[in-house]
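Listed below are the residues making up each chain.
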Number of protein chains: 2
Amino acid sequence: MWQDPRQAERAAWIARAVAHPVRLRILAYLAEQGAYVMDLTTALGRRQANISQHLMVLREVGLVQAEREGMMVRYTLRSELVADLLALLARLAEGLPEEPSMGLGPRRFRRGRGRGRW
Amino acid sequence: MWQDPRQAERAAWIARAVAHPVRLRILAYLAEQGAYVMDLTTALGRRQANISQHLMVLREVGLVQAEREGMMVRYTLRSELVADLLALLARLAEGLPEEPSMGLGPRRFRRGRGRGRW
DNA sequence: CGAGTATATTCGCTGTAGCGAATAAGGAGG
DNA sequence: CCTCCTTATTCGCTACAGCGAATATACTCG
């Protein structure tokens, strides 16, 4: 699988779209129900521009689709595979024992230190 | 799912580790067989330091585990869930139609009842 | 110990993701 | 047309991922 770097890049491109807390929460929200941008801004407590920016990323990779409904735009997941992906990530997130040698929990998107020893 | 931002961050933290072509290929390689660093450098054609750096990322999030064997270090996947994740990403990568009009040419997205402007 | 091999870590650099503020653009209604 | 509402896009900024080169660490063997 992915001997070809190009294929790997495409898969990574998709993974990158998911690799952000806000986008994950957007997808999780959409997994339960379609939503308008305003719904997401209030649900996630972020600026409207920010939500739109994240939605654009998700739209570009095709994880999400948009449909205009009058003045508003309704976003929905584009495939059930996306929901599967979320579920898998959730399982991994809770299931994977944290490296004992490393700090605890996720370090907020920061490169951790740690000297090599296990 | 992930109403709590902290949980979402943890999941995103994992997704972020996967969201790189080289790391994806490393994982794909490991899904078939354990490997030493040198195996990966030759298989992927990258500098040893770079491979080690990527392995560190994967190790930090716990997708991969390392075991010293004499002078070398053997890396293996830490859970079958990781392989599942790869498979899902592969399906998404090939299954999701690339938005052909997105990013090349004028922006287009599905307009529900937009008068045929697009 | 000293030389050689395999891996890990550090460092400086560069590209770019992500953010808020501001602004534009689509659409409804008067 | 003009105003209000919702969403999209642009802009400037900052922080950090990712890279190669260099160096350090761990281990084996003689």
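Our subject is the structure listed above.
Residues numbered from 1 in each chain as written. Chains lettered and ligands numbered in written order. Predicted model: local features only at pLDDT ≥ 70, side-chain atom pairs only at ≥ 80, totals over all residues. Heavy atoms only, no water.

## Quick notes on helix H2 (residues 21–32) of chain B
When the terminal C-alpha atoms of H2(B) are compared, their 17 Å separation across 12 residues agrees well with the 16 Å that a helix rising 1.5 Å per residue should span. When we look at burial in H2(B), the residues that qualify are B:Val22, B:Arg23, B:Leu24, B:Arg25, B:Ile26, B:Leu27, B:Ala28 and B:Leu30. (Helix = DSSP H or I, 4+ residues; strand = E, 2+ residues; numbered from the N terminus. Expected span 1.5 Å × (residues − 1). Buried < 20%, exposed > 50% of the residue type's maximum accessible area, 1.4 Å probe, protein only.)

## Some remarks on the packing of aromatic side chains
One pass over the full model with this rule turns up zero aromatic pairs over all chains. The ring of B:Tyr36 carries the charged tip of B:Arg74 above its face, separated from the ring centre by 5.2 Å. (Phe/Tyr/Trp six-rings, centres within 6.5 Å; stacked < 30°, edge-to-face > 60°. Lys NZ or Arg CZ within 6 Å of the ring centre and 35° of its normal.)

## A few points about the packing of H2(B) against helix H5 (residues 80–95) of chain B
Residues and elements named next belong to chain B. Across the interface, H2 lies against H5 with an axial gap of 10 Å and an inter-helix angle of 120°. Here H2 lies oblique to H5, going by the angle between them. The interaxial crossing formed by H2 with H5 has left-handed handedness. Contacts between H2 and H5 involve Leu24, Leu27, Ala28 and Ala31 from the former and Val82, Leu86 and Leu89 from the latter. The residue makeup of the contact of H2 with H5, split by class, is seven nonpolar, no polar and no charged. (Axes fitted to C-alpha atoms, helices over the stretch in contact; angles between N-to-C directions. Parallel < 35°, antiparallel > 145°, perpendicular 65-115°, else oblique. Left-handed = near helix turned anticlockwise from the far one by under 90°. Contact = heavy atoms within 4.5 Å. Nonpolar A, V, L, I, M, F, W, Y, C, P; charged D, E, K, R; others polar.)

## Quick look at unusual backbone geometry
Trans is the common state for peptide bonds, and a negative phi is the common state for residues other than glycine. In this structure, A:Trp2 takes a positive phi of about 65° despite not being glycine. In this structure, A:Trp2 sits in the segment before helix H1 (5–18).

## Considerations on the sheet that holds strand E2 (residues 64–69) of chain B
Pairing between sheet strands relies on hydrogen bonds along the backbone, with the strands arranged either parallel or antiparallel. Residues and elements named next belong to chain B. Pairing is antiparallel in the open sheet, where three strands are placed in the order E1-E3-E2. The sheet is open, and its two borders are formed by strand E1 (35–36) and E2, each paired with just one other strand. As defined by bridge partners, E2 adjoins strand E3 (residues 72–77) across six bridges and the pair is classed as antiparallel. When the sheet's bridge partners are listed, valine 64 is paired in E3 with leucine 77. Against the sheet, H2 contacts E1, E2 and E3, and its axis sits at roughly 90° relative to E3. (Pairing = 2+ DSSP bridges.)

## Looking at the environment of A:Ala17
All names here are of chain A. With respect to the helices and strands, alanine 17 occurs in helix H1. Sequence spacing of alanine 17 and valine 61 is 44 residues, and the spatial spacing of their C-alpha atoms is 7.2 Å. The contacts of alanine 17, once residues within four sequence positions are left out, are Arg23, Val57, Leu58, Val61 and Leu63.

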